[in-house]
Amino acid sequence: STQSTWGLSLRRNQIEDLPALADLPKLEQMNLCCNMLRNVNELQNLPALEDLVVDQNNLTQIPVLPSLRYLSVSWNSLETLPALTNIWELRCRGNRIAEFPATLFSVRVVDVTFNLLSTVALGQCTHITSLHIGREAVLN
C-alpha cells in the first residue's frame, strides 16, 4: 500500500517532472539522483520527508521542506538555498551558491565545496562538527 511506503528510490530514470505525490504521506526517504528534474516543488506534499537526495539534476531551486533532516543536492545549478532550520546534514557541492545560508541553526555536517562562496559566515550555526568549504572560501 502506498499509505505505508517510507522509502522510495527513483534514481537514474531520466525523470523530467515529478508525478503527484500526495498519496505518500508517510514517505520519509527519497532518492531522485541522476535524473533531469528542473523542479521538485511536488515534494512539498510530503509532510514526513526527512531524507532527500537530488544530486545531479537540473535544479535551480529547492522548495521549503520543513521536515528535512538530510539534504544532498550536489551538482545542480542552485544559486540559493531555502530556509533549512531543521537540517542536520547538508551536501550541496558543485552548485552556484554565493552566500552561505544564515538559517542552518541545527546543521552538524556541511559540504559546500565547488560553489561561488568567497566567505562563509557561520552566524548561528553553533552545532557544526564537520565543514567542507573548499579552498575558494574564507571562514568568518
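Residues numbered from 1 in each chain as written. Predicted model: local features only at pLDDT ≥ 70, side-chain atom pairs only at ≥ 80, totals over all residues. Heavy atoms only, no water.

## Describing the overall build of the chain
Next, step 1: Assigned secondary structure in the chain consists of zero helices and nine strands.
Next, step 2: Traced from its N-terminal end to its C-terminal end, the chain shows the element sequence β-β-β-β-β-β-β-β-β.
Next, step 3: Relative to its length of 140 residues, the chain is compact, with a C-alpha radius of gyration of 15 Å against a globular reference of 14 Å.
Next, step 4: Considering only C-alpha atoms, the chain reaches an extent of 50 × 30 × 20 Å along its principal axes.
Next, step 5: Of all 140 residues assigned to the chain, the portion counted as buried reaches 42%.
Next, step 6: The long-range share in the chain, meaning contacts at least 24 apart out of those at least 6 apart in sequence, stands at 4%.
Next, step 7: As displayed, the chain has an accessible area near 7500 Å², and 48% of this comes from carbon and sulfur atoms.
Next, step 8: Each charge sign in the chain was given a centre, from 10 positive and 13 negative side chains, and these centres are 6 Å apart. (Helix = DSSP H or I, 4+ residues; strand = E, 2+ residues; numbered from the N terminus. Rg over C-alpha atoms; globule rule 2.2 N^0.38 Å. Buried < 20%, exposed > 50% of the residue type's maximum accessible area, 1.4 Å probe, protein only. Contact = heavy atoms within 4.5 Å. Areas by Shrake-Rupley, 256 points an atom, 1.4 Å probe, with all protein chains shown as cover. Lys, Arg positive; Asp, Glu negative; His and termini not counted. Charge placed at Lys NZ, Arg CZ, Asp CG, Glu CD.)

## Structural notes on the pattern of salt bridges
Next, step 1: For the structure on display, the rule yields two salt bridges.
Next, step 2: For Glu89, the salt bridge identified is with Arg91, shortest N-O distance 2.7 Å. (Salt bridge = Lys/Arg side-chain N within 4 Å of Asp/Glu carboxyl O.)

## So, the environment of Asn35
Next, step 1: Tracing the backbone shows Asn35 in the loop between strand E2 (29-31) and strand E3 (51-53).
Next, step 2: On the basis of relative accessibility, which here comes to 6%, the residue Asn35 falls in the buried class.
Next, step 3: Residues Asn35 and Arg12, spaced 23 residues apart in sequence, show a C-alpha to C-alpha distance of 5.4 Å.
Next, step 4: For Asn35, the residues in contact, after removing those within four places along its chain, are Leu10, Arg11, Arg12, Asn13, Gln14, Ile15, Gln56 and Asn57.
Next, step 5: At 2.9 Å, the side chain of Asn35 and the backbone nitrogen of Asn13 are in polar contact.
Next, step 6: A polar contact of 3.4 Å, which involves the side chain of Asn35, links it to the backbone oxygen of Cys33. (Polar contact = N/O pair within 3.5 Å; in protein donor to acceptor, adjacent residues only side chain to side chain.)

## Re the side chain of Asp111
Next, step 1: With respect to the element layout, Asp111 can be found in strand E6 (residues 109-111).
Next, step 2: Here the side chain of Asp111 touches Arg93 through a polar contact of 3.2 Å, side chain to side chain.
Next, step 3: Ignoring any residue separated from it by four or fewer positions in sequence, one finds Asp111 in contact with Leu90, Arg91, Cys92, Arg93 and His132.

## What to know about the nonpolar core
Next, step 1: One finds Met30, Leu43, Leu52, Val54, Leu71 and Val73 to be the most contacted residues of the largest nonpolar core, which totals 36 residues.
Next, step 2: When neighbours within four sequence positions are excluded, Met30 is seen to be in contact with Leu8, Leu10, Leu21, Leu43, Leu46, Leu49, Asp51, Leu52 and Val53. (Core = buried A, V, L, I, M, F, W, Y, C linked by side-chain atoms within 4.5 Å.)

The values are spatial; any link to function lies outside them.
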